[in-house]
Amino acid sequence: MTSDDYAAEAARHRHVAEEYRTLSSYAADDGIRRAYLKLADDYEVLANNEDRVAGHLKITH
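Before going into details, it helps to say that this report is about the structure given with it. Every chain's residues receive numbers from 1 upward, in the order its sequence appears when written. Totals for whole chains, interfaces and linings use all residues, but because this is a predicted model, local features are given only for residues with pLDDT of at least 70 and pairs of side-chain atoms are given and counted only at 80 or more. Side-chain descriptors were evaluated using all non-hydrogen atoms of the structure, hydrogens and water having been removed beforehand.

**Some details on the side chain of S24**
Thinking step 1. The helix and strand labels rest on DSSP assignments: H or I over at least four residues marks a helix, E over at least two residues marks a strand, and numbering proceeds from the N terminus. Within the secondary structure, S24 sits in helix 1 (residues 3-26).
Thinking step 2. What makes S24 buried here is its relative accessible area of 5%.
Thinking step 3. Should any heavy atoms of two residues lie within 4.5 Å, those residues are considered in contact. Aside from chain neighbours lying at most four places away, what touches S24 is R33, Y36 and L37. Buried residues are those whose accessible area, probed at 1.4 Å on protein chains only, stays under 20% of the maximum for their type, while exposed residues exceed 50% and partly exposed ones sit between those limits.

**Things to note about helix 2 (residues 30-60)**
Thinking step 1. Here helix 2 is 31 residues long and its end C-alpha atoms lie 45 Å apart, about the 45 Å a rise of 1.5 Å per residue gives.
Thinking step 2. Contacts described as polar in this section are N or O atom pairs within 3.5 Å, which, within protein, must combine one atom able to donate a hydrogen with one able to accept it, while residues neighboring in sequence count only if both atoms come from side chains. For helix 2, the side-chain oxygen to backbone nitrogen distance between the N-cap and G31 is 2.9 Å, and the N-cap itself is D29. A helix is expected to reach a length of 1.5 Å times the quantity of its residues less one.

**Comments concerning the packing of aromatic side chains**
Thinking step 1. Side-chain rings of Phe, Tyr and Trp (the six-membered ring for Trp) are treated as a pair once their centres are within 6.5 Å; stacked means planes under 30 degrees apart, edge-to-face means over 60, and tilted covers the remaining angles. Counting across every chain of the model gives two aromatic pairs.
Thinking step 2. Each member of the aromatic cluster is reached from another via a ring pair, and the members are Y20, Y36 and Y43.

**Description of the packing of helix 1 against helix 2**
Thinking step 1. In the contact formed by helix 1 and helix 2, the axes pass within 8 Å of each other and the chain directions differ by 165°. Taken together, the axis directions place helix 1 and helix 2 in an arrangement best described as roughly antiparallel. Note on packing geometry: the crossing formed by helix 1 with helix 2 is left-handed.
Thinking step 2. Grouping the amino acids of the contact of helix 1 with helix 2 by side-chain chemistry returns 17 nonpolar, four polar and eight charged. With axes taken as lines fitted to C-alpha atoms, and helix axes fitted only over the stretch in contact, angles between N-to-C directions fall between 0 and 180 degrees. What sets the label is the angle itself: under 35 degrees gives roughly parallel, over 145 gives roughly antiparallel, 65 to 115 gives roughly perpendicular, and the rest give oblique. By the definition used in this description, the sense in which the near helix is turned from the far one sets the handedness, with an anticlockwise turn below a right angle giving left-handed and a clockwise turn giving right-handed. Here the term charged refers only to Asp, Glu, Lys and Arg, the term nonpolar to Ala, Val, Leu, Ile, Met, Phe, Trp, Tyr, Cys and Pro, and the term polar to all other amino acids, Gly among them.

**A few points about the pattern of salt bridges**
Thinking step 1. By convention in these notes, a salt bridge is any Lys or Arg side-chain nitrogen within 4 Å of a carboxyl oxygen on Asp or Glu. Tallied over the entire structure, the rule returns seven salt bridges.
Thinking step 2. One salt bridge in this structure joins E44 and R14, with 3.5 Å as the shortest N-O distance. Placement of E44 in helix 2 and of R14 in helix 1 is noted, with a sequence separation of 30 residues between them.
Thinking step 3. When its relative accessible area of 29% is taken as the criterion, R14 is described as partly exposed.
Thinking step 4. R21 serves as the salt-bridge partner of E44, at 3.4 Å between the closest nitrogen and oxygen.

This is the structure we're talking about:
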């Protein structure tokens, strides 16, 4: 994979995180709302990791 591929994955993960945040705003149950927000946070972590890999590939290539 290239750095652009990792950057695209990061963007996709951020999009999914935003979708979970949106879903959380519609959840009537606090437990479900927290679960959606946890998923959003986890996808942000994934996106940040993808960004780090992309940055590393740019440095080494």
